[in-house]
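# Fold and geometry: a report
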Amino acid sequence: MKFDLAYCLGLDDKLSIYDVRDLNFDETVAFDSAKEHFQCPNDACRSAFEASNELGTFNAKNVNYVRTPHFKNLPTTQHVAGCPYVSLKTPGSGVEASDGEGDGGPEEHFPSELLLTRREYVRKPAAPNVEADVLRDDPVRVAGVSAKESASRETAPDKTSVFAHPVECFVSNFADKELLKRMPLKVGEHTAPYGSFFKKIEYLLDNKGLIYWGKIKEIKDYTQSFRIDFEQKVWFKQADEAKKKPYSVNVYLSKKLIDNYRKRKAFLEEIKHAIDSDKELFCFFYGVTPELKQVPSKKNPEQTFGVFSVNIENLDHFIVREAPGLA
Ligand SMILES: [Zn+2]
C-alpha cells in the first residue's frame, strides 16, 4: 500500500504526489517540494506528533520518470497505533533500506474522475493559523479554512485534476487487465473502466472522447510546432473506395501554446528528452480526436494524401513518456 495523499504544511491541504509534481513544475506558483513539509494524511496521527514528523517523496521532481511517484516513510517517521498508514514499510525493518525494491510497485490509488478544471491551491498565511479542529462530516477530508471549503469538496481524495495520475494507473497496472477492467474512470460526461477509457490510437474511430495512446514513431521539430507521428495506422474505408486502407496518425503541438504554458520548462524538457531518447516512448492525450485530413505531398505538391491529424489544445492533457510493458 502506498500513501494516497500527504498533508502539506505550507498549503494546509492534502495533496497527491501528482499534485505535488504539478506544483513543482508550475512556473506561476512558488512551490518546491524539497522545501515543503509533508506529513501523514491521517489527522489523528498528524496531531499526535511534532511538525517535524515528516514523510518523504519519491520522483516528485523528476520530469521523466519510469517508476511510480509516491510519498514514503522516512526512517524517522512515526505513526500512532491504529493509523492505517502504519503498515507501510516499518522503519528499521530493512525493507526500505535500499532505494531499490522498497520504492517499486504500481500505482494503487485509482482516481474515479479526472477533473478538467485545474485545482487551485491557497498558501497558508505565514503567521500560524488557528488549527481548524472542527471535523466535518467526512473525517478523511481536511477541515480547511472556510474560503476554500468549496474547492476542497471538489477535490475529494478519489478525484484528480492531474492527467499524469490516471495515466500512471494505466501504465503501471497494464499487466493486470482484470484490475483495469474493474476500476471506473469518469472524464467529462463519459465513464468507462480504465481498460477501455484508454484507447489505442489505431482504434480511434471506435469512439470519441476517450484517452488515446500509442507508441511514438517519430517526433519532428518544426519552426512553429512539434509533430508526433504514431507507429500504428488507422484502417479506414472512404465512401468511394472498395476496402479499408491504412492511414498515418499524428498530433501537432503548437510552440506558441507551449510558450504560454505554465509548465513550459518541464514540458520542453519532456519533449526534448523524447526527441533524443532511444527508448520506446508512448504518447497519451485527451480532449481532441484526430480526423482525416488531406495534406499536400512533399514530393509532389499537386497531389494530396490522407492522414489522421489533430492539434493538441490543452497541454495539461498530453503526456509523452516511457512506459515499459506497453509495447
Ligand atoms: Zn499516520
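Criteria and cut-off values
Within each chain, residues carry numbers counting from 1 in the order of the written sequence. Totals for whole chains, interfaces and linings use every residue, but because this is a predicted model, local features are given only for residues with pLDDT of at least 70 and side-chain atom pairs only at 80 or more, for both listing and counting. Only DSSP runs of H or I covering at least 4 residues are called helices, and only runs of E covering at least 2 are called strands; the numbering of each starts at the N terminus. Each residue is classed by its C-beta neighbour count within 10 Å, where at least 20 other C-beta atoms makes it buried, 12 or fewer makes it exposed, and intermediate counts make it partly exposed; the C-beta atoms are placed from backbone geometry. By the criterion used throughout, residues are in contact when their C-beta atoms, derived from the backbone, lie within 7 Å. By the convention used here, strands pair only if DSSP detects at least 2 bridges between them. As a per-residue measure, pLDDT tells how confident the predictor is, with possible values from 0 to 100.

Let's shift gears to the overall build of the protein chain. A tally of regular secondary structure across the protein chain gives eight helices and 18 strands. The 327 residues of the protein chain split such that 32% are buried. A separation of at least 24 residues holds for 61% of the contacts in the protein chain among residues at least 6 apart in sequence.

What follows concerns unusual backbone geometry. Its identity is not glycine, yet Asp12 carries a phi of approximately 50 degrees, on the positive side. With respect to the helices, strands and loops of the structure, Asp12 is situated in the loop between β1 (6-8) and β2 (13-15). Residue Asp12 is classed as buried on the basis of its C-beta count, with 20 C-beta atoms lying within 10 Å.

Right, let's get into the sheet that holds strand β6 (residues 113-114). Strand order across the open sheet formed by four strands is β7-β6-β8-β9, with mixed pairing between neighbours. Two strands in the sheet have a free side with no partner beyond their single neighbour: β7 (159-160) and β9 (190-193). The pairing of strand β8 (residues 184-187) with β9 spans four bridges and is classified as antiparallel. Within the sheet, the bridge partner assigned to Leu185 lies in β9 and is Ala192.

On to helix α4 (residues 164-172). In terms of burial, α4 is a largely internal element, nine of the nine residues being buried. Burial in α4 covers these residues: Ala164, His165, Pro166, Val167, Glu168, Cys169, Phe170, Val171 and Ser172.

The predicted coordinates ought not to be read in detail in places where the model reports low pLDDT. Looking at the protein chain as a whole, its pLDDT mean stands at 87, while 84% of the residues score no less than 70. Contacts for the low-pLDDT stretch residues 129-155, under 50 throughout, to residues beyond four places or in other chains number 24 contacts.

Right, let's get into the environment of Glu218. Locating Glu218 in the fold gives a position in strand β11 (residues 211-221). Judged by local crowding, Glu218 falls into the exposed class, with 11 C-beta atoms found within 10 Å. Between the C-alpha atoms of Glu218 and Leu281, which are 63 residues apart in sequence, the distance is 9.5 Å.

Side-chain alternation along strand β12 (residues 225-230) places Phe226, Ile228 and Phe230 on a buried face and Ser225, Arg227 and Asp229 on a face that remains uncovered. Remark: three residues form the turn of the hairpin made by β11 and β12, two consecutive strands paired antiparallel. Summarising the sheet, β12 and strand β14 (residues 245-254) pair through five bridges and their orientation is antiparallel. Bridged to Ser225 within β14 is Ser254.

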